[in-house]
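Residue-level structural notes
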Amino acid sequence: MQTGITTASFYPMPLEKAFAQIAEGGVCSAEIFVNTHCELYDPYLSEMLAVKREYGVDVVAVHPFSCAVETMMLFTDYERRVIDMLDYYKRFFEFMNQFGADYFILHGNKKENKIQNELYFERYMRLQEAAYSCGVSVLHENVSRCTAGSMTFLKEMADALGENAKFVLDTKQAHREGGDPLEFVKALDNHIKHVHFSDSGARGDCLKFGDGEYDNAALFKELKSVGFTGHIMLELYRQNYKDTEDLLQNYSLLKKAVENCR
């Protein structure tokens, strides 16, 4: 198990600056959250690649801003939208290739849009196959407001698609769904390839490591027991920490806890 920080934790700081903060802070691994279309191109792309080369940051995953329209573009009955979205996401896959990133994060369909599981899985597989053709993989996130927020749904997806069903576990989203991240791990086992981590407790579900009351040690041990070898990414909202120094110090605590578990 490895650790890192997502650039989403710095929002609304411009992406290239957020990435530089992670690199300059000595963090070895990062997830890039692309906030808008132009960030896929120069000058922002070249600036981030230069930072990656200088500091040797391992970019593990990329998260698209366009998750907000995935319901309409991928999970409705208008086939042309699906074709266009698959084509558009290939640009993200190319972006990932330049950083050496393996994983693309999908939010998927919002709950209010009703869709049969069979069709849902077919659309996911079309995106997954497009990703495979570019040498990367799609990870479906358990976002509470979305269909895949349900552990039951994700388990059905894993049973239907086998090794092609790959997930990122977001701990705060599991809590928002009324569940327990530990139970998600037990149910989904080695289908979990990546983790978005924040602590949880009486003060909220997006807290710094150690600021909540959740048994994180048990979670890390369970991940280890199912053979998880991915990254646990610290993902906070900007209001949940003081400044960059505070965030980096909390990352160090998380890193040490995960290393102790190893």
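Our subject is the structure that appears above.
Note that the structure is predicted; figures quoted are calculated from it, not measured.

1. A look at the nonpolar core
Nonpolar side chains tend toward joint burial in soluble globular proteins. Ranked by size, the top nonpolar core spans 81 residues in total, and within it Phe93, Phe220 and Ile232 carry the most contacts. It is helix H4 (residues 79-99) that provides the largest number of residues to this core, a total of nine residues. Ignoring sequence-local partners within four residues, the contact set of Phe93 consists of Phe104, Leu127, Ala130, Ala131, Cys134, Val136 and Val138.

2. A word on the packing of helix H6 (residues 151-161) against helix H8 (residues 181-188)
At a closest axis distance of 10 Å, the pairing of H6 and H8 adopts a crossing angle of 15°. Here H8 runs roughly parallel to H6, going by the angle between their axes. As for how H6 packs across H8, the hand of that crossing is right-handed. Judged by residue contacts, Met151, Leu154 and Lys155 of H6 engage Glu183, Phe184, Ala187 and Leu188 from H8. Broken down by class, the residue content of the contact of H6 with H8 amounts to five nonpolar, no polar and two charged.

3. Some thoughts on helix H9 (residues 216-225)
Looking at H9, one finds that the buried residues are Asn216, Leu219, Phe220, Glu222 and Leu223. The buried residues of H9 occupy an angular sector of 160° when projected down its axis, which confines them to one face. Exposed and facing more than 90 degrees away from the buried side of H9 are Lys221 and Ser225. Packing partners of the buried residues in H9 comprise helix H7 (171-176), H8, strand E7 (192-197), strand E8 (199-201), strand E10 (231-234) and helix H10 (244-261). Positioned one or two residues after H9, Gly227 has a phi angle of 85°, which is positive.

4. Some points on the environment of Tyr214
Mapped onto the elements, Tyr214 comes out in the loop between strand E9 (204-207) and H9. Linking Tyr214 and Ala202, residues twelve residues apart in sequence, is a C-alpha distance of 9.7 Å. Setting aside anything within four residues of it in sequence, one finds Tyr214 in contact with His175, Asp180, Pro181, Leu182, Asp199, Ser200 and Leu219. Here Asp180 takes part through its side chain, which lies 2.4 Å from a polar atom of the side chain of Tyr214. Among the polar contacts listed, one links the side chain of Tyr214 to the backbone nitrogen of Leu182, at a separation of 3.2 Å.

5. Notes on the sheet that holds E7
Here we have eight strands rolled up into a closed barrel, ordered E1-E2-E3-E4-E5-E6-E7-E10, and parallel in their pairing. Between one strand axis and the next, the sheet turns through 30° on average, direction left out of account. Sheet analysis places strand E2 (residues 29-34) next to strand E3 (residues 58-64), joined by six bridges and oriented parallel. The residue bridging Phe33 from the neighbouring strand is His63, located in E3.

6. Examining the pairing of strand E1 (residues 2-6)
Of all five residues making up E1, four are buried, and the element is well covered by its neighbours. Bridge count for E1 against E2 is two bridges, and the pairing is parallel. When the sheet's bridge partners are listed, Ile5 is paired in E2 with Ala30. At this point the chain moves from E1, through helix H1 (residues 15-24), to the parallel E2, and the crossover so formed is right-handed.

7. A closer look at the environment of Glu245
In this fold, Glu245 is placed in helix H10. With relative accessibility at 53%, the residue Glu245 sits in the exposed group. For the pair Glu245 and Glu129, spaced 116 residues apart in sequence, the C-alpha to C-alpha distance is 40 Å.

8. Let's talk about the packing of helix H2 (residues 44-55) against H4
At a closest axis distance of 10 Å, the pairing of H2 and H4 adopts a crossing angle of 30°. By the angle between their directions, the pair H2 and H4 is classed as roughly parallel. Listed contacts from H4 to Leu45, Met48, Leu49 and Lys52 of H2 are Arg91, Phe95, Gln98 and Phe99.

9. Let's talk about unusual backbone geometry
Cis geometry is found at the peptide bond from Tyr11 to Pro12, where omega equals 15°. Here the bond from Asp42 into Pro43 is cis, since omega is 10°, no more than 30 degrees from zero. One can find Pro43 in the loop between E2 and H2. Despite not being glycine, Asp189 has its phi angle at roughly 55°, a positive value.

Cut-offs and rules
Residues numbered from 1 in each chain as written. Predicted model: local features only at pLDDT ≥ 70, side-chain atom pairs only at ≥ 80, totals over all residues. Heavy atoms only, no water. Core = buried A, V, L, I, M, F, W, Y, C linked by side-chain atoms within 4.5 Å. Buried < 20%, exposed > 50% of the residue type's maximum accessible area, 1.4 Å probe, protein only. Helix = DSSP H or I, 4+ residues; strand = E, 2+ residues; numbered from the N terminus. Contact = heavy atoms within 4.5 Å. Axes fitted to C-alpha atoms, helices over the stretch in contact; angles between N-to-C directions. Parallel < 35°, antiparallel > 145°, perpendicular 65-115°, else oblique. Left-handed = near helix turned anticlockwise from the far one by under 90°. Nonpolar A, V, L, I, M, F, W, Y, C, P; charged D, E, K, R; others polar. Arc of directions from axis to C-beta. Polar contact = N/O pair within 3.5 Å; in protein donor to acceptor, adjacent residues only side chain to side chain. Pairing = 2+ DSSP bridges. Right-handed = clockwise from strand over helix to strand, strands pointing away.

Read these as spatial facts, not as claims about activity.
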